[in-house]
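Each chain is listed here by its residues.
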Amino acid sequence: MRNPVGASQLESILDSMGDVETYERFLKVSYFSELAGTQHPFEILFLESTVGLQTFEFEEGRGILAQNEAMVEKRISEARNINIGDELEVSIAGATEAFTIVGIVRSIFSSVFIDYAKAPAPANETLLTGAFVELTPGSDAEAVGNVIAQDDQVESVQTHQEATDGIKAVFQTYDIILYFLVAMCLAIVFLVVWTTANISTIERMPEFAQLEAIGFDRRNLRSIMVGEILLITLVGTILSIPPSIWLGYYWVPLMSQTLSVMDFYVRLVPFAVSFAIPIISAIISVTPLVRVLNRIDLQTVMRNRDPQ
């Protein structure tokens with residue numbers, strides 16, 4: 001819908017369609033919820049659980065059977081460590097009410113699911129309002145959708161497959177942006193480390209020559225050069241990645257008060273990979289310099305620096 005509408009307005013639109021067998025209203029709003037004494041912004045999807053057009057793939061638990069029960073999408077469950085039986089306090093229209101988590105589900109909506117009976121009156125904070133519709137067998141879904149879309153209050157009409165494909169396309173776009181940013185970071189790390197190490201290596205060639213003269217072999221010199229670069233890379237990684245993640249956890253909930261933003265959390269494996277990428281990039285970038293060191297005649301460098 002273009003704007004929040006009441007039940008009677010929605011019913012008048014759908015009831016005029018002869019091919020609509022049944023429908024299920026929904027209202028999606030962002031609210032603050034409290035779990036384990038900590039407040040977080042959640043997307044709440046109020047749906048008519050008694051109709052059941054919005055089906056779920058259950059990870060565990062069951063569907064909503066009472067108005068004080070709720071289900072949670074799997075991504076939110078993992079990010080917030082929400083389990084079956086937990087009490088989730090939701091602040092709805094200025095009043096706080098506790099809901100018992102009875103199901104962990106997979107859905108195209110990353111939301112907490114609550115019965116529509118608990119939905120507040122539609123207002124400006126509504127992010128999405130509309131209905132799931134089931135057509136009579138044999139009806140032309142495209143034709144019915146075109147008729148519904150003619151109503152001035154209707155923003156868009158999509159089949160379930162179109163909605164799913166649209167959400168997948170959004171996440172694919174995010175993935176492309178993420179891969180591009182990762183590639184940029186790798187390129188920057190490579191250029192910075194290679195340039196710095198190249199300048200440092202050239203300036204320190206006489207020092208390497210002196211070390212070789214007093215008994216250090218090329219293997220020792222390579223270990224010194226690579227070890228210094230890896231140490232600097234490790235220190236820079238520690239000083240940059242953990243604070244950046246902490247800022248994400250701190251700032252994203254603050255932005256959620258005024259903006260619709262994605263939930264922010266970092267799993268252990270990506271966290272470990274974020275540490276490994278700069279180190280691997282440093283090793284790759286220092287490889288050409290190791291070859292340069294192997295080809296240079298350090299004794300000639302030492303003589304040219306001090307002819308005496």
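Residues numbered from 1 in each chain as written. Predicted model: local features only at pLDDT ≥ 70, side-chain atom pairs only at ≥ 80, totals over all residues. Heavy atoms only, no water.

Some thoughts on the overall build of the protein
In step 1: A tally of regular secondary structure across the protein gives 8 helices and 8 strands.
In step 2: Considering only intrachain contacts with a sequence separation of at least 6, the fraction spanning at least 24 residues in the protein is 74%.
In step 3: When the accessible surface of the protein is summed, it comes to about 18,300 Å², and 58% of that surface belongs to carbon and sulfur atoms. (Helix = DSSP H or I, 4+ residues; strand = E, 2+ residues; numbered from the N terminus. Contact = heavy atoms within 4.5 Å. Areas by Shrake-Rupley, 256 points an atom, 1.4 Å probe, with all protein chains shown as cover.)

Thoughts on the confidence of the model for the protein
Parts of the model with low pLDDT should not have their predicted coordinates read in detail.
In step 1: Looking at the protein, pLDDT values average 76 and 80% of them are 70 or higher.
In step 2: Averaged over each element, pLDDT in the protein is lowest for helix 8 (residues 298-305) (64) and highest for strand 4 (residues 69-73) (91). (pLDDT = per-residue confidence, 0-100.)

Quick look at the nonpolar core
Within soluble globular proteins, side chains that are nonpolar generally end up buried alongside one another.
In step 1: Counting residues in each nonpolar core, the largest one holds 19 residues, and the members touching the most others are Phe 46, Val 112 and Ile 114.
In step 2: Those residues in contact with Val 112 that sit more than four places away from it in its chain are Phe 42, Glu 43, Ile 44, Leu 45, Ala 70, Met 71, Val 72, Ile 76 and Leu 88.
In step 3: The next biggest cluster of nonpolar side chains, apart from the first, holds 12 residues, and it includes Val 193, Ala 197, Leu 221 and Ala 282. (Core = buried A, V, L, I, M, F, W, Y, C linked by side-chain atoms within 4.5 Å. Buried < 20%, exposed > 50% of the residue type's maximum accessible area, 1.4 Å probe, protein only.)

Some details on the layout of surface pockets
In step 1: By volume, the second largest pocket amounts to about 220 Å³.
In step 2: As for the second largest pocket, its lining consists of 13 residues, and the residues nearest its centre are Thr 196, Ala 197, Ser 200, Ile 229 and Ile 232.
In step 3: Elements represented by at least two residues in the lining of the second largest pocket include exactly helix 4 (160-203) and helix 6 (218-255).
In step 4: A total of 6 residues in the lining of the second largest pocket trace back to one element, the largest contributor, which is helix 4.
In step 5: In terms of residue class, the lining of the second largest pocket is made up of 7 nonpolar, 4 polar and 2 charged. (1 Å grid on protein atoms, 1.4 Å probe; cavity = no way out; pocket = protein on both sides within 12 Å on 5 of 7 lines; lining within 4 Å. Points joined across faces, edges and corners; volume = space filled by probe spheres on them. Nonpolar A, V, L, I, M, F, W, Y, C, P; charged D, E, K, R; others polar.)

Overview of the side chain of Glu 73
In step 1: Note on placement: Glu 73 falls in strand 4.
In step 2: Among the polar contacts made by the side chain of Glu 73, one reaches the main-chain amide nitrogen of Ser 107 at a distance of 3.3 Å.
In step 3: Those residues within four positions of Glu 73 in sequence are excluded, and the remaining contacts are Val 105, Arg 106, Ser 107, Phe 109, Ser 110, Ser 111 and Phe 113. (Polar contact = N/O pair within 3.5 Å; in protein donor to acceptor, adjacent residues only side chain to side chain.)

Comments concerning the pairing of strand 6 (residues 95-106)
Note on strand geometry: in a regular strand, side chains alternate between the two faces of the sheet.
In step 1: The pairing of strand 3 (residues 57-61) with strand 6 spans 4 bridges and is antiparallel. Residue pairing for strand 6: Phe 58 is matched across the bridge by Val 105.
In step 2: In this structure, strand 4 lies alongside strand 6, joined through 5 bridges in parallel fashion. Its bridge partner lying in strand 6, Glu 69 is registered against Thr 100.
In step 3: The pairing of strand 5 (residues 87-92) with strand 6 spans 6 bridges and is antiparallel. Within strand 6, the residue paired with Glu 87 across the bridge is Thr 100. (Pairing = 2+ DSSP bridges.)

Regarding a nonpolar patch on the surface
In step 1: A surface patch of nonpolar side chains, about 640 Å² in accessible area, is lined by Val 170, Phe 171, Tyr 174, Ile 177, Phe 180, Leu 181 and Met 184.
In step 2: One can find Phe 180 in helix 4. (Patch = residues over 30% accessible without salt bridge, like charges linked within 9 Å, V, L, I, M, F, W, Y side chains within 5 Å. Salt bridge = Lys/Arg side-chain N within 4 Å of Asp/Glu carboxyl O.)

Re the pattern of salt bridges
In step 1: Across all of its chains, the model carries 5 salt bridges by this definition.
In step 2: The partner of Glu 69 in a salt bridge is Arg 62, and the shortest N-O contact between them spans 2.7 Å.
In step 3: Under the relative-accessibility criterion, Glu 69 is labelled buried at 11%.

Description of helix 3 (residues 141-149)
In step 1: Every buried residue belonging to helix 3 is among Val 144, Gly 145 and Ile 148, and all of these are buried. Looking straight down helix 3, one finds that the buried residues subtend no more than 100° of arc, so they occupy a single side. (Arc of directions from axis to C-beta.)

Digging into the packing of aromatic side chains
In step 1: Taken as a whole and judged by the stated rule, the model has 2 aromatic pairs.
In step 2: On the basis of an interplanar angle of 65° and a centroid distance of 4.8 Å, the ring pair of Phe 56 and Phe 113 is categorised as edge-to-face. In this pair, Phe 56 is assigned in the loop between strand 2 (38-47) and strand 3 and Phe 113 in strand 7 (residues 112-115), connecting sequence segments 57 residues apart. The exposure classification of Phe 56 matches that of Phe 113, with both residues buried. (Phe/Tyr/Trp six-rings, centres within 6.5 Å; stacked < 30°, edge-to-face > 60°.)

Focus on the side chain of Ser 111
In step 1: Secondary-structure assignment places Ser 111 in the loop between strand 6 and strand 7.
In step 2: Look at Ser 111 and you get buried, because its relative accessible area is 0%.
In step 3: Residues contacting Ser 111, with those up to four places away along its chain left out, are Lys 28, Glu 43, Leu 45, Met 71, Val 72, Glu 73 and Ile 76.

Overview of helix 5 (residues 205-213)
In step 1: For helix 5, every residue scored as buried is listed here: Met 205, Pro 206, Phe 208 and Ala 209. Down the axis of helix 5, the buried set is contained in an arc of 160°. They therefore lie on one face.
In step 2: Once helix 5 ends, the next one or two residues include Gly 215, with phi positive near 120°.

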